[in-house]
Amino acid sequence: MTGTIIRIAIAVIIIALVIIALRIVPQASAYVIERFGKYRTTWLAGLHVRIPYIDRIAHKVSLKEQVADFPPQPVITKDNVTMRIDTVVFFQVFDPRQYAYGVENPMMAIENLTATTLRNVIGELELDETLTSRETINSQIQAALDHAAASWGIKVNRVELKNITPPAAIQDAMEKQMKAERERREAILIAEGEKKSTILVAEGKKQSAILQAEAEKQSAILRAEAEKEAAILRADAAREASIREAEGHAKAIRTIQQANADGIEFLNEKKPGPEVLQLKGLEAFAKAADGKATKIIIPSEIQSLAGLATSIAELGARDNVKCEQ
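Reading the values: rules and limits
Along each chain, the written sequence defines residue order, and numbers are assigned to residues from 1. Note on the predicted model: pLDDT of at least 70 is required for a residue's local features to be given, and 80 or more for side-chain atom pairs to be given and counted; whole-chain, interface and lining totals, by contrast, use all residues. For the side-chain quantities, the full set of heavy atoms in the structure was used; hydrogens and water were omitted. Partly exposed residues are those whose accessible area sits between 20% and 50% of the maximum for their type, while under 20% is buried and over 50% is exposed, using a 1.4 Å probe and protein chains only. Every helix listed is a DSSP run of H or I at least four residues long, and every strand listed is a run of E at least two residues long, numbered separately from the N terminus. By the convention used here, strands pair only if DSSP detects at least 2 bridges between them. Here a polar contact means two N or O atoms within 3.5 Å. Within protein one must be a hydrogen donor candidate and the other an acceptor candidate, and residues neighboring in sequence count only if both atoms are side-chain atoms. Residue contacts are counted whenever heavy atoms from the two residues lie within 4.5 Å of one another. Only the stretch in contact is used when fitting a helix axis, every axis being a line fitted to C-alpha atoms; angles between N-to-C directions are given from 0 to 180 degrees. Each angle gets one of four labels, with under 35 degrees taken as roughly parallel, over 145 as roughly antiparallel, 65 to 115 as roughly perpendicular, and the rest as oblique. Note on convention: the crossing is left-handed when the near helix lies turned anticlockwise from the far helix by less than a right angle, right-handed when the turn is clockwise. For this classification, the nonpolar set comprises Ala, Val, Leu, Ile, Met, Phe, Trp, Tyr, Cys and Pro, the charged set comprises Asp, Glu, Lys and Arg, and every other residue, Gly included, is treated as polar.

### A few points about the pairing of strand 7 (residues 73-76)
Residues Q73 and V75 point to one face of strand 7 and are all buried, whereas P74 and I76, pointing to the other face, are not buried. Two elements, strand 7 and strand 8 (residues 82-93), share four bridges in a ladder whose sense is antiparallel. Within strand 8, the position partnered with V75 by the bridge is M83. Counted between consecutive antiparallel strands, the loop separating strand 7 from strand 8 contains five residues, among which N80 sits at a positive phi close to 60°.

In structure tokens:
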């Protein structure tokens, strides 16, 4: 019975020692192990075994990227303006041994180093450069911190200026300057708008005048072409009328000549006697006497016309008597 109890006690002690000896290091963590107060090794993520009461976990270090938000620090610019700037530092432990033994308080060391580096960088810049050169300031502080913290096993990834707070008087002056700048830009924009509006109105009037002149020119051309066409048509009509009139005169002359020719032919067919011929001559003489001529030359043959006329009168009287009978 006693032997059984002893065996059980021994088994419990062994299990307890095994539990104490086994250690599991979580992901993104590292344990610094000391033996008899001296650095022995660094455990990374996984299962590890130590000798109880001989090996000791001296430091547990996180390998994740960490963020340190430091309170505002008073700094003086090159042009003697005091302002307050708070910074944010992003860092990561890359050597747990140096982080554990390099500096007593790593966070305090980084904070003080950040403050001194910030004063050095800002002291070389004027106020306007400080407000507009955040990226440059961040790069310079990050480079200085990374170089100094490398001996502590710390990698400074980046530094950001969270807030830059100038004095109240400077802020008031900056607000007035910004207001004046906005008013100046507004005046410039208004002037440019009025200028563009004036130019557009002038261009519109110019285009309108050009279009009106072109319209008048086109209208004058169309009127001239219309008058030209009308003149051509009137000339064609007058020419056609003259041609028709001339053709009418020619036709009338041809008709008269044809009538005369037909009369002569008729007389030739009827074979008129001397009395008829003398009568026709008398009619021609009468027509000549009715003209406007002041002098008339009477042929010698006309003297016998008197007798001819008497004969014609007698013949007419005889005809009348016959008609009465």
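### A short note on the side chain of E34
For E34, the location among the structural elements is in strand 2 (residues 29-35). A distance of 2.6 Å separates polar atoms of two side chains, one belonging to E34 and the other to R56. There is a polar contact of 2.7 Å between the side chain of E34 and the side chain of Y101. Dropping the residues within four chain positions of it, E34 is found in contact with Y39, R40, I54, D55, R56, A58 and Y101.

### Structural notes on the packing of helix 3 (residues 106-122) against helix 5 (residues 134-149)
Packing of helix 3 against helix 5 brings their axes to within 10 Å, and their N-to-C directions diverge by 135°. In terms of axis orientation, helix 3 runs oblique to helix 5. Crossing of helix 3 against helix 5: the hand is right-handed. Here I110, L113, T114, T117, L118, V121 and I122 of helix 3 come into contact with helix 5, specifically with I137, Q140, I141, A144, L145 and A148. Its residues placed into classes, the contact of helix 3 with helix 5 shows ten nonpolar, three polar and no charged.

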